[in-house]
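If you want the building blocks of each chain, they are given just below.
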Amino acid sequence: MKKLLSLTLVAATALMAFAACGSKSADKSGSAIRIGSKGFTENEIVAEVYALALEDAGLKVERTPDLGSSIIHQSLTTGDIDLYPEYTGTGLISVLKEEPRTSANEVYQEVKKAYEDKFKISWLDYSPANDGQGIVITKAASDQYGIKTISDLQKNAEQIRFASQGEFDQRADGLPALTAKYGEFHWKSTNVYDNALKYQVLDQNQADAAPAYTTEGQLSDTSKYVLLEDDKQVWPPYNLAPVVRDEVLEKNPRIAEALNKISPKITTENITRANAEVELKGKEYKDVAKELYESIK
């Protein structure tokens, strides 16, 4: 009986040990940093750059791409993902529902504090890369009329054929915002085109300038296009930065070290080129992200 009891205890101990090993294995497999990304090229590229940086730092990474912009913040707050690339302007205006600001550092400091207070989420260092509103002009028109800034554009508007997307003329943060700060734009002509056609319209010499986002891949071709400087700072900044759940950051302090090392090197210029590689040349975003990471690590 004693022998049987002893064997039973040994077996029970072995089962407990096995279960403990299984639990440790599960914990280990569950320790991956889950990186999400929104469902568009630029965000996927940057998320992959973050993933490569964390893997280089010895951390295990699980990728969760193509999350909808409308749910990704909720996915972070509910713990379905651990971090993702966000834009300071999106955090301020879309998530926090605050009024736009135009200083990159002020916007960053505001979202950093509010996210910590409300969500227990940390904003790591932000990048110079700014995916915000802008205006593109053809290089030919820029050279002919000396237009480098939106102030220059306003002064020379009577020479410029403007390719609007319709809503830009009406939206509070579109032409009305520019007019309030720069003065009226008395275009030589203005016609409404589908946004997807704007570079075709510019290339075919049907217009000279159009609204654009500041990291669109076509803008990498500086022999054809000039992105005008918003010299009076009408539009809010949309700088890229990693947002991370505090509890994840506390357990894995290497996250901040690894991402803060590369974030200052992600610029409007190099992310614009990366977008072009994917969207205009058909490369895989993971391959382009690896090239970008290798150039900035």
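In this report, we go over the structure that sits alongside the text. In this text the structure is predicted, and so the values were computed from the model without any measurement. (Residues numbered from 1 in each chain as written. Predicted model: local features only at pLDDT ≥ 70, side-chain atom pairs only at ≥ 80, totals over all residues. Heavy atoms only, no water.)

With 16 residues, helix H2 (residues 41-56) ought to run about 22 Å at 1.5 Å a step, and its terminal C-alpha atoms sit 23 Å apart, in line with that. Here H2 lies mainly inside the structure; 14 of its 16 residues are buried. Looking one or two residues beyond H2, the residue adopting positive phi is Gly 58, at roughly 90°. (Helix = DSSP H or I, 4+ residues; strand = E, 2+ residues; numbered from the N terminus. Expected span 1.5 Å × (residues − 1). Buried < 20%, exposed > 50% of the residue type's maximum accessible area, 1.4 Å probe, protein only.)

What follows is about the nonpolar core. Grouped together as the largest cluster of nonpolar side chains are 36 residues, with contacts concentrated most on Ile 35, Ile 45, Val 49, Leu 54, Leu 83, Ile 255 and Leu 259. Of all the secondary structure elements, the ones that give two or more residues to this core are strand E1 (33-38), H2, strand E3 (83-87), strand E10 (240-245), helix H11 (246-251), helix H12 (254-262), helix H13 (268-279) and helix H14 (285-296). By residue number, the principal contributor to this core is H2, which donates nine residues. When residues no more than four places from it in sequence are discounted, the contact partners of Ile 35 are Ala 47, Tyr 50, Ala 51, Leu 54, Val 61, Glu 62, Arg 63, Thr 64 and Leu 83. Within the second largest apolar cluster, 21 residues are counted, among which are Ile 150, Leu 178, Trp 187 and Leu 228. (Core = buried A, V, L, I, M, F, W, Y, C linked by side-chain atoms within 4.5 Å. Contact = heavy atoms within 4.5 Å.)

Attention now moves to unusual backbone geometry. Here Lys 120, not a glycine, exhibits a phi torsion of approximately 60°, which is positive. On the secondary structure map, Lys 120 appears in the loop between helix H5 (104-119) and strand E4 (121-123). With a phi angle near 60°, Asn 205 is a residue other than glycine that sits in the positive phi range. Along the chain, Asn 205 turns up in the loop between helix H10 (198-203) and strand E8 (209-213).

Direction vectors running N to C along H13 and H14 enclose 155°, while the axes themselves pass 9 Å from each other. Considering the angle they form, H13 stands roughly antiparallel to H14. Two packed elements cross with a definite hand, and for H13 against H14 that hand is right-handed. Along its contact with H13, which presents Asn 270, Ile 271, Ala 274, Glu 277 and Val 278, the element H14 presents Tyr 285, Val 288, Leu 292 and Ile 296. Looking at the contact of H13 with H14 residue by residue, the class counts come to seven nonpolar, one polar and one charged. (Axes fitted to C-alpha atoms, helices over the stretch in contact; angles between N-to-C directions. Parallel < 35°, antiparallel > 145°, perpendicular 65-115°, else oblique. Left-handed = near helix turned anticlockwise from the far one by under 90°. Nonpolar A, V, L, I, M, F, W, Y, C, P; charged D, E, K, R; others polar.)

This part covers the packing of helix H4 (residues 88-95) against H5. Where H4 meets H5, the axes come as close as 9 Å, and the angle between the chain directions of the two elements is 55°. Of the possible angle classes, the one that applies to H4 and H5 is oblique. Read as a crossing pair, H4 and H5 show a hand that is left-handed. The residues of H5 that touch H4, namely those facing Thr 88, Gly 89, Gly 91, Leu 92 and Val 95, are Val 107, Tyr 108, Glu 110, Val 111, Tyr 115 and Phe 119. When its residues are assigned to classes, the contact of H4 with H5 shows seven nonpolar, three polar and one charged.

Listed as buried for H12 are Ile 255, Ala 256, Ala 258, Leu 259 and Ile 262. Contact partners of the buried residues in H12: E1, H2, E3, E10, H11 and H14.

Think of a pair of aromatic rings as described by two things: how far the centres are apart, and how the planes are tilted against each other in angle. According to the stated counting rule, one finds nine aromatic pairs in the structure shown. For the ring pair Phe 40 and Tyr 87, a centre distance of 6.3 Å and an interplane angle of 25° mean the geometry is stacked. Highlighted residues: Phe 40 in the loop between E1 and H2 and Tyr 87 in strand E3, separated in sequence by 47 residues. Pairing Phe 168 with Trp 235 gives two aromatic rings, centres 6.5 Å apart and planes at 55°, and the pair type is tilted. (Phe/Tyr/Trp six-rings, centres within 6.5 Å; stacked < 30°, edge-to-face > 60°.)

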